[in-house]
Amino acid sequence: GAVVSQHPSWVICKSGTSVKIECRSLDFQATTMFWYRQFPKQSLMLMATSNEGSKATYEQGVEKDKFLINHASLTLSTLTVTSAHPEDSSFYICSARRETSTGELFFGEGSRLTVL
Amino acid sequence: AQSVAQPEDQVNVAEGNPLTVKCTYSVSGNPYLFWYVQYPNRGLQFLLKYITGDNLVKGSYGFEAEFNKSQTSFHLKKPSALVSDSALYFCAVRPPSGGYQKVTFGIGTKLQVIP
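Residues numbered from 1 in each chain as written. Chains lettered and ligands numbered in written order. Predicted model: local features only at pLDDT ≥ 70, side-chain atom pairs only at ≥ 80, totals over all residues. Heavy atoms only, no water.

Novice: How would you sum up the overall build of chain A? Please name residues and give values.
Specialist: Along the backbone of chain A there are 0 helices and 11 strands. The secondary structure elements of chain A, listed N-terminal to C-terminal, are β-β-β-β-β-β-β-β-β-β-β. Expected size for 116 residues packed as a compact globule is a radius of gyration near 13 Å; at 13 Å, chain A falls within 12% of this value. Expressed along its principal axes, the backbone C-alpha trace of chain A runs to roughly 40 × 30 × 25 Å. Here chain A, with 116 residues, has 53% of them falling under the buried criterion. Sequence separation of at least 24 residues holds for 54% of the intrachain contacts in chain A that already meet a minimum separation of 6. Element-wise, carbon and sulfur atoms account for 51% of the exposed surface of chain A, whose accessible area totals about 5600 Å². Put simply, chain A has 11 plus and 11 minus side-chain charges, and the middle of one group is 4 Å from the middle of the other. (Helix = DSSP H or I, 4+ residues; strand = E, 2+ residues; numbered from the N terminus. Rg over C-alpha atoms; globule rule 2.2 N^0.38 Å. Buried < 20%, exposed > 50% of the residue type's maximum accessible area, 1.4 Å probe, protein only. Contact = heavy atoms within 4.5 Å. Areas by Shrake-Rupley, 256 points an atom, 1.4 Å probe, with all protein chains shown as cover. Lys, Arg positive; Asp, Glu negative; His and termini not counted. Charge placed at Lys NZ, Arg CZ, Asp CG, Glu CD.)

Novice: Give a description of the state of the cysteines that names residues and reports values.
Specialist: Residues and elements named next belong to chain A. Evaluated as defined, the whole model comprises 2 disulfides over all chains. Between Cys 23 and Cys 94 runs a disulfide, and the two sulfur atoms are separated by 2.0 Å. Looking down the S-S bond of the Cys 23 and Cys 94 bridge, the torsion is 80°, so its handedness is right-handed. Of this pair, Cys 23 sits in strand β3 (residues 19-25) while Cys 94 sits in strand β9 (residues 90-96), and the two are 71 residues apart along the sequence. (Disulfide = S-S within 2.5 Å.)

Novice: Got a sec to walk through the packing of aromatic side chains? Specific residues and values, please.
Specialist: All told, the structure shown has 12 aromatic pairs over all chains when counted by the stated rule. Between Tyr36(A) and Phe107(A) the ring centres are 5.7 Å apart and the planes differ by 35°, which places this aromatic pair in the tilted class. Taken together, the residues span a long stretch of sequence, with Tyr36(A) in strand β4 (residues 32-38) and Phe107(A) in strand β10 (residues 106-107) at a distance of 71 residues. Note on Phe107(A): relative accessible area 9%, which makes it buried. Pairwise contacts between aromatic rings join Tyr36(A), Phe107(A), Phe34(B), Tyr36(B), Phe46(B) and Phe105(B) into one cluster. (Phe/Tyr/Trp six-rings, centres within 6.5 Å; stacked < 30°, edge-to-face > 60°.)

Novice: Report on the pairing of strand β9 (residues 73-78) of chain B, specifying residues and quantitative values.
Specialist: Residue and element names in this part refer to chain B. Counted residue by residue, β9 has 5 buried out of 6 residues, so it is predominantly covered. Alignment of strand β3 (residues 19-21) against β9, held across 3 bridges, turns out to be antiparallel. Along β9, the bridge assignment pairs Thr 20 with Lys 77. Examined bridge by bridge, strand β8 (residues 64-68) and β9 share 5 bridges and lie antiparallel to one another. Residue Ala 65 lies in a different strand from β9, and its bridge partner there is Leu 76. (Pairing = 2+ DSSP bridges.)

As structure tokens, then:
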């Protein structure tokens, strides 16, 4: 099946710093990728849709200046958490849709962010 | 608005016994339905999907699911559970139009297979 890789898997940072998370589709091109946030014992919450070559589309309530998304190529999307605070601590997951797939999304392994 | 309900927070089953993880949905039109599995601190892995056709869908690792339109359900099943099946399972639904950003996930059901 298609492979989506996320990096880093774990990151710990100090409050006020910025953290970048990468999402790569390893064996297919993805014009669209999605970024989710998952709280403990909760489902995935879609944060934004990342579109290659254009601005991301953010869901209601998600701060676009806080969570910067860049989809610079057909295989890479990045999420930057700017000026991170402890409440940004969470599990972030990306997914990608392969153009030739018939419906399913392919997910990265997730990135656990802890802000001290 | 579309929604997915997974009524059980946790399902416990003895190894070797059949398992069922329940899912019901609400969506306009004919749904696209999915099951994903998540192991601790990992992303979701695709198990199976229903788009159209046969109501019984077979997927990875011996799992299957039955689409029941009248009951708006898409329960996940496996004839004989393995300890390694212990994980968090998510049901998801997508309307036939509107794009992948419209995928809605259930809250997840933790499956615990007891040796």
